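Understanding the architecture of this molecule
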Amino acid sequence: MDHRRYKTLKTSRGYHYNYFHLAAKDSTLLPLLFLHDFPTTSSIWKEQVTYFGEHHGFRLIVPDLLGFGGSSKPTNPEAYKPTLICQDIIDILNAEAIDVAVVIGHGIGSKIASRLANLHDRRFRGYGFLAVPYSAPRPKQKMEDTAIATRKMCGYELCGHILFLAEEDAVNILADHMQSLYSAMFPLDPKMWVTSVAPIGALKAWLDEDRKTPLPSYLTPMHRDEWLLSFKDGFPASLCWFKAIVSGINAADDKEIPLDRYSIKQPVFFAAAQHDYISRSVLGIAMTHHNCSEASIREFNAGHWLMISHPAEVNASLFNWIMDLV
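First things first, this report covers the structure right here in the doc. (Residues numbered from 1 in each chain as written. Predicted model: local features only at pLDDT ≥ 70, side-chain atom pairs only at ≥ 80, totals over all residues. Heavy atoms only, no water.)

Considerations on the pairing of strand 1 (residues 6–10)
On a regular strand, each side chain points to the face opposite its neighbour's, so the side chains alternate between the two faces of the sheet. Of the strand pairs in this sheet, strand 1 and strand 2 (residues 16–22) are connected by five bridges, and their pairing is antiparallel. Within strand 2, the residue paired with threonine 8 across the bridge is asparagine 18. Here strand 1 folds back onto strand 2, and the loop between the two strands holds five residues, one of which, glycine 14, carries a positive phi near 95°. (Pairing = 2+ DSSP bridges. Helix = DSSP H or I, 4+ residues; strand = E, 2+ residues; numbered from the N terminus.)

In C-alpha cells form, the structure reads like this:
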C-alpha cells in the first residue's frame with residue numbers, strides 16, 4: 001500500500017491514528033472502512049485496497065487500530081474499551097466528512113464493527129464480518145466460562161490463546177520468539193490451531209519450544225519481513241486488547257449498551273471460514289442467524305486469513321453484497 005496515502009489524525013481523546021485513505025473515483029459508491037485483526041496492521045487489506053479502490057473506484061479508509069502500526073500505542077488496557085475505539089473511528093469518519101459508510105471487520109476488527117453497529121448505526125449502511133461474526137454485547141462474559149463452554153462444544157477451548165496473551169509475561173515470550181509466533185499465526189495447515197494455539201497453554205508451549213511450521217504459499221518472504229518490521233517494538237500495546245477482554249473491562253463496557261441494540265436490523269455480510277479452528281464457522285453462522293435479521297452468509301473453503309488466501313472469491317462476494325446496498 002502506498003505510504004504516501006496515509007494520514008494521521010489526533011482523535012478527540014488525544015490518540016493519534018495512522019490510516020490509509022484513497023479518494024473515490026466514483027462518488028456514487030459508498031465509502032468502505034476496513035478494520036484489521038491481531039497480529040496485523042492496515043496492510044493486511046492490500047488485496048482489498050487494490051480491488052475495491054484501484055479497480056472499482058471506492059473511497060477507502062483503512063486504519064491501523066490503536067496499539068498497531070503507526071497509531072498510538074498506550075499500554076493501559078482501559079484505553080482499549082470498544083466504546084472508546086468506536087469513537088476514535090467515528091472521529092476519523094468525521095474528519096473525512098463521511099456521513100455514511102460500510103464497515104468490514106476481521107478478528108478484533110469484527111468486534112469493533114459489532115459495537116459500531118450497536119452504537120453508531122446511523123453512520124453505516126451495512127456491516128461485513130470476515131471469519132469472526134457479529135458479536136452481541138456480553139456484559140456478564142468471563143473467559144474462564146467461555147473456555148469451559150467451548151471445550152464442551154468443540155472438544156478443546158477456543159480461547160486459550162486469549163488467556164495467554166493477556167498474561168503479564170506474554171509480551172516477553174512473544175518478543176523472544178517472533179519467527180515462531182509468525183509461524184503459529186499464519187500456518188500452512190490451519191488445523192494446527194486445534195492442538196497448538198487454541199487450547200489453554202498450547203500457544204505458550206509452542207513459543208517456549210520455539211516451534212515452527214510450514215507457511216502457506218500466499219505468504220511471501222516480503223510479507224514476513226514487513227510483519228517483523230511492523231512489530232519490531234514488540235506487543236506491549238496490542239496485547240492490551242486481550243487484557244481488556246480477560247480483565248472484564250470489555251464486559252463492563254458492554255453493560256452500557258441497551259438491550260434493544262443487541263440485534264442488528266441493517267444488512268450484514270458474514271464470510272464464514274470453514275477452516276478457521278478458533279472462530280468456528282458453524283458457530284458463527286448460527287450466531288449471525290440469531291442476531292442479524294438481514295444476513296447474507298457465504299462459506300469459504302479457507303482459514304482465518306481468507307482475505308489474503310482467497311482474495312478473488314472474498315472480494316467478489318463482498319462486492320456483490322455492497323452493490324446491493326447502494
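Right, picking up where we left off after that structure.
Regarding the side chain of serine 279
Here serine 279 lies in the loop between strand 7 (264–273) and helix 13 (281–291). For serine 279, a relative accessible area of 13% corresponds to the buried category. With residues up to four places along the chain from it excluded, the contact list for serine 279 reads Ala131, Val132, Pro133 and Ala273. (Buried < 20%, exposed > 50% of the residue type's maximum accessible area, 1.4 Å probe, protein only. Contact = heavy atoms within 4.5 Å.)

A word on the packing of aromatic side chains
Evaluated as defined, the whole model comprises 22 aromatic pairs. Between tyrosine 6 and phenylalanine 20, the aromatic rings sit 5.5 Å apart at their centres with planes inclined by 75°, giving edge-to-face as the arrangement. Placement of the pair is tyrosine 6 in strand 1 and phenylalanine 20 in strand 2, with a sequence separation of 14 residues. Their ring planes at 45° and their centres at 6.4 Å tell us that tryptophan 227 and phenylalanine 235 sit as a pair that is tilted. Exposure remark for tryptophan 227: the relative accessible area of 4% places this residue in the buried category. (Phe/Tyr/Trp six-rings, centres within 6.5 Å; stacked < 30°, edge-to-face > 60°.)

Examining the packing of helix 7 (residues 178–185) against helix 10 (residues 221–230)
Two elements in contact, helix 7 and helix 10, have axes whose closest approach is 11 Å; the angle formed by their N-to-C orientations is 120°. One way to sum up the angle between helix 7 and helix 10 is to call them oblique. The handedness of the crossing between helix 7 and helix 10 comes out as right-handed. Across from Met178, Gln179, Leu181 and Tyr182 in helix 7, the residues of helix 10 making contact are His223, Arg224, Trp227 and Leu228. (Axes fitted to C-alpha atoms, helices over the stretch in contact; angles between N-to-C directions. Parallel < 35°, antiparallel > 145°, perpendicular 65-115°, else oblique. Left-handed = near helix turned anticlockwise from the far one by under 90°.)

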